[in-house]
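# Breakdown of the fold
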Amino acid sequence: MLLKYNYDFNNRNKKKKSRIVFITIILIIAVIIASFFFRNSQVFAIKAASNVITAPFKFIGNTISGGFSSVSMYFGNINEVKIENIKLKDQVNELELKILESKAVLDENSSLKTILDINTTFQHFKLKNGKIIIREHDNFSQTFMIDVGLKDGIKLNQAVIHKEGLVGYISSVSDNTSNVTTILDPRTSVSVTISTINEPAILKGNLELKSNNSLKLEYIPIDAEISIGDMLYSSGLGSMFPTSLPVGKVTKVVNSKNDSDRYAIAEPCVNIRSISEVSVIIE
Amino acid sequence: MAKKIFSYFIIFLILICIFLFQIYVIDSRELFGVKPNIILISVIVMSLWYGLYAGSIYGLFIGMITDILFGNSFGIFTLSYVVVGAVIGYLNYNYRRESKVSLSYLTIFGTCIFEFMQYFIYIFLNSTSSNIYYLIIQIIISSLLNVILAFILYGTFSKISDYAENNNLFY
């Protein structure tokens, strides 16, 4: 009996509590609704209070609607984005083509500049400019072919130069092309003058030194004091190469017990493996 | 018949491509002072796969083109490529042509013959002198480079060989 009474009492309390909770919720909802209605009220206090109450709801609402609008914009604009993407890709292709064209123009420009430099440096010669087509196929010689020949006034044994100095000579010639044997080739010998002491010597190509872009200076006069950094100019002896063309620079002097056997290593003024244009001295 | 002519034409085009690649790309730069030679590798492969006659004729053909292009009246390249083609073609019965190991041995051997011939003809014609040690170093480096290139190009050569075999071109 006692148990039953306790049970009823608890039940009544629960019902009371739930009623209070219900009324509170209704009141809160009513206040919120009322504040939505009165948020534009002329009375400042009511307006401020309603704004304070509705602010969190406004914030939540704005966030949700913002999210929805961005998603709808994303799906709405996707077609436009695709079209824009295609246009941009086209523009990128066009720009890439333009870059390639500009590179070609730059290459041509540098090539013409090199030729101009050669012509300016060696104004006193009549020159014919040529481009290197192919280089030697074997591992022993050091030659190349240029795109000018008999038709352009090229003859055998004419000197071939670059803006920095002597490159070689014409070793064979056909109507439209010529073969140039460079000073690095073991078959080539150039009579040179050592600048600081004005003494003659012979600069020869050498198989062992060829790959290091170096030459061998032989027949150095016994009493000549040669040192590293001395410039070598063509002496004009043998009449194949004109006088005073820069040929190379001494990089190492090798002395031996016998003074007549000493020699020097020289580096050509022109980096022959990297050039692509040369000029032939016609007159 | 038309199919066979077309197949010869395709192979001719591929070999011309190899030739042009060597002349215009590889020959314009040196690696460790030497140039790898894919024309030589193609001669070795032709001799290894198709025997003495095909190898020698191919060597003669490609050597003549090289000599004409470089204006060599003596025919240094013709002689060198024919000899390499003939020697490798003679030896091909002792090697399995599908084996990469055989290809590397014969590439080294072919490069040695080629470089020795080039060197001695060059020295003989131009009366120049050189240290034999230089030649040995040169041969070692160029053999290694050629073997590496032969391994890289093995797939291409195999495809050409399969194509030629399917069309019964060299038999």
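Keep in mind the model is a prediction, meaning the values are calculated, not measured.

## Things to note about the overall build of chain B
The helix and strand tally for chain B stands at 5 helices and 0 strands. Sequence-ordered secondary structure for chain B, helices as α and strands as β, is α-α-α-α-α. Put simply, chain B has 171 residues, and 35% of those count as buried. A fraction of 71% describes how many contacts in chain B between residues 6 or more apart in sequence connect residues 24 or more apart.

## Describing the overall build of chain A
Scanning chain A for helices and strands turns up 3 helices and 12 strands. For chain A, long-range pairs separated by at least 24 residues make up 53% of all intrachain contacts whose partners lie at least 6 apart in sequence.

## Let's talk about the interface of chain A and chain B
At the interface, 15 residues of chain A touch 23 residues of chain B. Those elements that place two or more of their residues in the side of chain A that touches chain B are β1 (127-135) and α3 (207-210) of chain A. Residues belonging to the side of chain A that touches chain B are distributed by class as follows: 4 nonpolar, 6 polar and 5 charged.

## Here we look at helix α2 (residues 38-70) of chain B
With 33 residues, α2(B) should cover 48 Å at 1.5 Å per step; its first-to-last C-alpha distance of 17 Å lies more than 12% under that length. The largest bend along α2(B) reaches roughly 150 degrees and is located at Gly51(B).

## Describing the sheet that holds strand β9 (residues 231-234) of chain A
Hydrogen bonding along the main chain pairs the strands of a sheet, whether they run parallel or antiparallel. Residues and elements named next belong to chain A. Strand order in the closed barrel made by the 6 strands is β6-β7-β8-β11-β10-β9, with antiparallel pairing throughout. If you compare each strand with its neighbour and ignore which way they point, the axes differ by 40 degrees on average. With 6 bridges connecting them, strand β6 (residues 189-194) and strand β7 (residues 199-204) associate as antiparallel partners. Paired with Ser 189 across the two strands is Lys 204, which belongs to β7.

## Things to note about the sheet that holds strand β5 (residues 178-182) of chain A
All names here are of chain A. Read around the closed barrel, the 6 strands follow the order β1-β2-β5-β4-β3-β12; overall the barrel is antiparallel. This sheet shows a mean twist of 45 degrees between the axes of neighbouring strands, independent of strand direction. Note that strand β2 (residues 143-146) and β5 share 4 bridges and pair antiparallel. Across the sheet, the residue bridging to Phe 144 is Val 180, located in β5.

## Some thoughts on unusual backbone geometry
With glycine set apart, most residues show a phi of negative sign, and most peptide bonds adopt trans. All names here are of chain A. If you check the backbone angles, Asn 198 has positive phi at about 55 degrees while not being a glycine. In this fold, Asn 198 is placed in the loop between β6 and β7. A positive phi angle, close to 55 degrees, is found at Asn 213, a residue other than glycine.

## Quick notes on the confidence of the model for chain A
Looking at chain A as a whole, the pLDDT averages 83, with 95% of positions reaching at least 70. Within chain A, the lowest mean pLDDT, 75, falls on helix α1 (residues 2-37) of chain A, and the highest, 91, falls on β5(A).

## Some words on the nonpolar core
Burial of nonpolar side chains together is a common tendency in soluble globular proteins. Core analysis: the largest hydrophobic core is formed by 40 residues, its most contacted members being Val160(A), Leu166(A), Val167(A), Leu203(A), Leu217(A) and Val247(A). Among residues more than four places away in sequence, those in contact with Val167(A) are Val160(A), Ile161(A), His162(A), Val180(A), Thr182(A), Ile183(A), Val270(A), Ile272(A) and Val278(A). Formed by 28 residues, the second largest nonpolar core is a distinct cluster that contains Leu48(B), Tyr58(B), Val82(B) and Ile88(B).

## Description of the packing of helix α3 (residues 76-91) of chain B against helix α4 (residues 100-126) of chain B
Residues and elements named next belong to chain B. Orientation of α3 relative to α4, taken along the N-to-C sense of each, is 150 degrees, at an axis distance of 10 Å. Taken together, the axes of α3 and α4 lie roughly antiparallel to each other. The two elements α3 and α4 meet at a crossing, and its hand is right-handed. Contacts between α3 and α4 pair Ile 76, Leu 79, Ser 80, Val 83, Val 84, Val 87, Ile 88 and Leu 91 from the former with Leu 106, Gly 110, Ile 113, Phe 114, Met 117, Gln 118 and Ile 121 from the latter. The class makeup of the residues in the contact of α3 with α4 is 12 nonpolar, 3 polar and no charged.

## Describing the pairing of strand β12 (residues 277-281) of chain A
Residues and elements named next belong to chain A. The buried fraction of β12 amounts to 4 of the 5 residues, a majority that puts the element mostly inside the structure. By the bridge criterion, 5 bridges tie β1 to β12 in an arrangement that is antiparallel. Following the sheet pairing, Lys 131 is matched in β12 by Glu 277. Direction of pairing for strand β3 (residues 159-162) relative to β12: antiparallel, over a ladder of 2 bridges. If you follow Ile 161 over to β12, its bridge partner there is Ser 279.

The rules behind each value
Residues numbered from 1 in each chain as written. Chains lettered and ligands numbered in written order. Predicted model: local features only at pLDDT ≥ 70, side-chain atom pairs only at ≥ 80, totals over all residues. Helix = DSSP H or I, 4+ residues; strand = E, 2+ residues; numbered from the N terminus. Buried ≥ 20, exposed ≤ 12 C-beta atoms within 10 Å, placed from the backbone. Contact = placed C-beta atoms within 7 Å. Nonpolar A, V, L, I, M, F, W, Y, C, P; charged D, E, K, R; others polar. Expected span 1.5 Å × (residues − 1). Bend = angle between axes of the 7 residues up to and from the residue. Pairing = 2+ DSSP bridges. Axes fitted to C-alpha atoms, helices over the stretch in contact; angles between N-to-C directions. pLDDT = per-residue confidence, 0-100. Core = buried A, V, L, I, M, F, W, Y, C linked by C-beta atoms within 7 Å. Parallel < 35°, antiparallel > 145°, perpendicular 65-115°, else oblique. Left-handed = near helix turned anticlockwise from the far one by under 90°.

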